[in-house]
Amino acid sequence: MSNDQSSQPDTLTSAERATLDASVAAPVILFFGTAIFWLLFGSVFELISAIKLVWPCFLDGCGIFTYGRTSVVSINALAYGWATPAAIGIGLWLTARLCRVQLARYKSLVAAGIIWNIGTFVGVAGILIGDNTSISHLNFPGYSTHILLLAFLIIAAWAIVTFNQRKAGPLYVSQWFLVAGLFSFPWLFATASQLLVWKPVQASAQPAIAAWFAGGFFNLWLAPMGLAAAFYLIPKTIGRAVNSHHLSLLAFWSLLLFGAWSGTSRLIGGPLPAWMASVGVAAGVMMIIPAIAVAINLHFTLDGHYGPMSWSPALRFTITGVSMLVFTWTFTAINSIPLVNSVTNFSDITRGLNLLGYYGSFSMIAFGAIYYILPRLTGKEWPSSCLISWHFWLATTGVLLGVSVLVLGGLIQGYALQDIGVTFRSSMEFVFPFRFLAALAAVLIVGANLAFALVFAGLHWSLRRPGTAPAFIAVREENSQEPVAV
Amino acid sequence: MNKLTLLFTGILLTFGSAWVGLVAYPVANLGHMQPLPNEETGGVNPPTVSGLAIAGQKVYAANGCMECHTQQVRPDPFSTDIAKQLGKRQTVPRDEIREHTPFLGEYRIGQDLSNYGARQTDVAATHRHLYAPKSVTPWSNMPSYSYLYEYRKIVGQPSAHAVQGLTGSRAPKPGYEIVPTQQAEALVAYLLSLNQNYPLPESPEPTAK
């Protein structure tokens, strides 16, 4: 184990922690609460879309509910309504804790949260009434993205001020990821909005920019924020320092470099200069490096201390999420090989990888973080361990089922699309049973999100019976560095 | 790595390198493409399209057609698109210059549409397909775009634009007609304008094996 001080999350007393937590409570609860609403909203639309793929006559002939709009609404509501605010909430709390600075002017952050949600609402409504831009992960019409960018700039300004006021000391791993994420997102979002939506450049130049944005949105924004949470929560919950400083460095820099360049691997053979696709392929294959570095580092941190997973919801969700992140990048690496890509491209495998990345890894880590953070902000315990358990198992089963059937069905569909002797009709018929199972997985995921929303509502409106024990999933066995109750 | 400045410089370099390569480079080098003169017809390649077809791009985007249909023909050996007759040659950046947004697509839940206009030239058939896909292709899983059409009672003369030739359960009752809205007309014009069967020097047709 490294003795480097930067492997330790922090050395605060519980009183200091409570003061820091209290100072960020209002904006963080606002971001998490609204995020959970959009999570439920987005997954219901995902379910509607999954059903429509199997039975096109479901809600047919109605403009608002046509497949092309419901699927886009679900992706964007989850990306901008759920994932981004959840990442911001985690980022605010971690910044205050790791910089050891009490949050001043929290009202500007509350305002940013409200503005952000107005932007998301306007964007979703815009898609439904027919202003979809048809740019992957940036489907919100231009008039709503201005609002979103304004809200984020308020948050970024606050983060810069807080980082400047931080108490001296080495920067912890989570802080690297926080700085990277909070810096990348506005750059990605402003560039793509300006060049693709607000004042679009000629369409011949757009494919590379759109691929760069869609890849960066996950690899440079959501993944770093998720890892920031994981590198803080895991050591904290089990009371051990991060295993290797050097592996952390490797994971961080390889993610930044290859993550930034890997987006164009989705355009192999597409209308852009061949070198751009080749660079995307090279960087995409190299994503195996951050995958392995994160996996080894966190495994040796946890080695012999996996026990708390049985009782701590935060740890269980976070570790599941990190494992799925490792799988996401491994699959990305395999999928970037041109020989593989010639089969998998345009098939349901892309849907499977999106599900694994956005729900299986980022959302699971965010669930873990929210389970850890909210009791400390509100001074209340989670109301029901039973619901948390349902949430975990429904989400895990939903993701595993969804990803496996989409990958298997996608492989068959991909081979059918590629084979000169097979008609297009056959490719549809082969994949049909897998799409049916994928719709079933979408039901499980809606159930998981519903359980999560209920448990959040129970905490927020204090529905826990007084005097009962904290909501651990099982009997607690080991001591963590920090009591779970405040 | 304990200094914020060091961290910040590193992020700037890694992130900035990709920004220069994948954003600034295409804007500078691909963002000002011109059509090439076509000596045979005296026109240009890619050909100029009608204003109605340009308006149809917005309808195509609004209804998320891109969620199921790609618009890119990839070359060998990355695909068998050309052998499957999705197009005669690979799609290149110059093919996109009439578009507001390039609808390359990520999924082939439906067929590729890069050359829809080369396969289909009949306006009425395209309207029938959009209004009632299953009446044209019974195994289709395409949703109906009937909300882009007006189902109305014929008053006086029947409309000259009414969709003709619908059969089966989706055919209008006697005395009624189905009239495309402006959006449906624009979408059909756009779909029929999709045709990459013109020569471009940077994308030669592969010779037969």
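The structure we're discussing is the one just above.
Calculation criteria
Residues numbered from 1 in each chain as written. Chains lettered and ligands numbered in written order. Predicted model: local features only at pLDDT ≥ 70, side-chain atom pairs only at ≥ 80, totals over all residues. Heavy atoms only, no water. Helix = DSSP H or I, 4+ residues; strand = E, 2+ residues; numbered from the N terminus. Rg over C-alpha atoms; globule rule 2.2 N^0.38 Å. Buried < 20%, exposed > 50% of the residue type's maximum accessible area, 1.4 Å probe, protein only. Contact = heavy atoms within 4.5 Å. Areas by Shrake-Rupley, 256 points an atom, 1.4 Å probe, with all protein chains shown as cover. Lys, Arg positive; Asp, Glu negative; His and termini not counted. Charge placed at Lys NZ, Arg CZ, Asp CG, Glu CD. Core = buried A, V, L, I, M, F, W, Y, C linked by side-chain atoms within 4.5 Å. Salt bridge = Lys/Arg side-chain N within 4 Å of Asp/Glu carboxyl O.

Novice: Let's hear about the overall build of chain B: which residues, and what values?
Specialist: Helices and strands together make up the secondary structure of chain B, namely 6 helices and 4 strands. Against the 2.2 N^0.38 benchmark of 17 Å for 209 residues, chain B shows a C-alpha radius of gyration of 22 Å, more extended than a compact globule. Counting only C-alpha atoms, chain B reaches 80 × 50 × 30 Å along its principal axes. Within chain B, buried positions represent 50% of all 209 residues. If you take every contact in chain B between residues at least 6 apart in sequence, the share linking residues at least 24 apart comes to 70%. Entry remark: accessible area of chain B is about 10100 Å², with carbon and sulfur atoms responsible for 59%. Between the mean site of the 17 positive side-chain charges and the mean site of the 16 negative ones, chain B shows a separation of 7 Å.

Novice: Lay out the side chain of Gln 206 of chain A with the relevant residues and their values.
Specialist: Topologically, Gln 206 of chain A is positioned in helix α6 (residues 206-238). Given a relative accessible area of 2%, Gln 206 of chain A falls into the buried group. Beyond its immediate chain neighbours, meaning those up to four positions away, Gln 206 of chain A contacts Leu 196, Pro 200 and Val 201 of chain A together with His 100, Thr 101 and Pro 102 of chain B.

Novice: An account of unusual backbone geometry is needed here, citing residue identities and associated values.
Specialist: Residue and element names in this part refer to chain B. Asn 45 connects to Pro 46 through a cis peptide bond whose omega is -10°. Here Pro 46 lies in the loop between β2 (44-45) and α2 (51-62). Note the cis peptide between Asp 76 and Pro 77, where omega equals 0°. Take Pro 77: it is sitting in the loop between α2 and α3 (116-119).

Novice: Could you give an account of the nonpolar core, naming the residues involved and the relevant values?
Specialist: Residues and elements named next belong to chain A. Judged by nonpolar contacts, the single largest core of 158 residues is most densely connected at Tyr 80, Trp 82, Trp 93, Trp 221 and Trp 329. In terms of residue count, the dominant contributor to this core is α6 (21 residues). When near neighbours in sequence (up to four residues on either side) are disregarded, Trp 221 contacts Thr 84, Ala 87, Ile 88, Phe 152, Gly 181, Leu 182, Phe 185 and Gly 216.

Novice: Requested: an account of the pattern of salt bridges, with residues and values cited.
Specialist: Residue and element names in this part refer to chain B. Summed over the entire model, instances satisfying the criterion amount to 12 salt bridges over all chains. The shortest N-O distance in the salt bridge between Asp 81 and Arg 74 comes to 3.1 Å. Here the residues in one salt-bridge network are Arg 74, Asp 81, Arg 108 and Asp 112, joined through shared partners.

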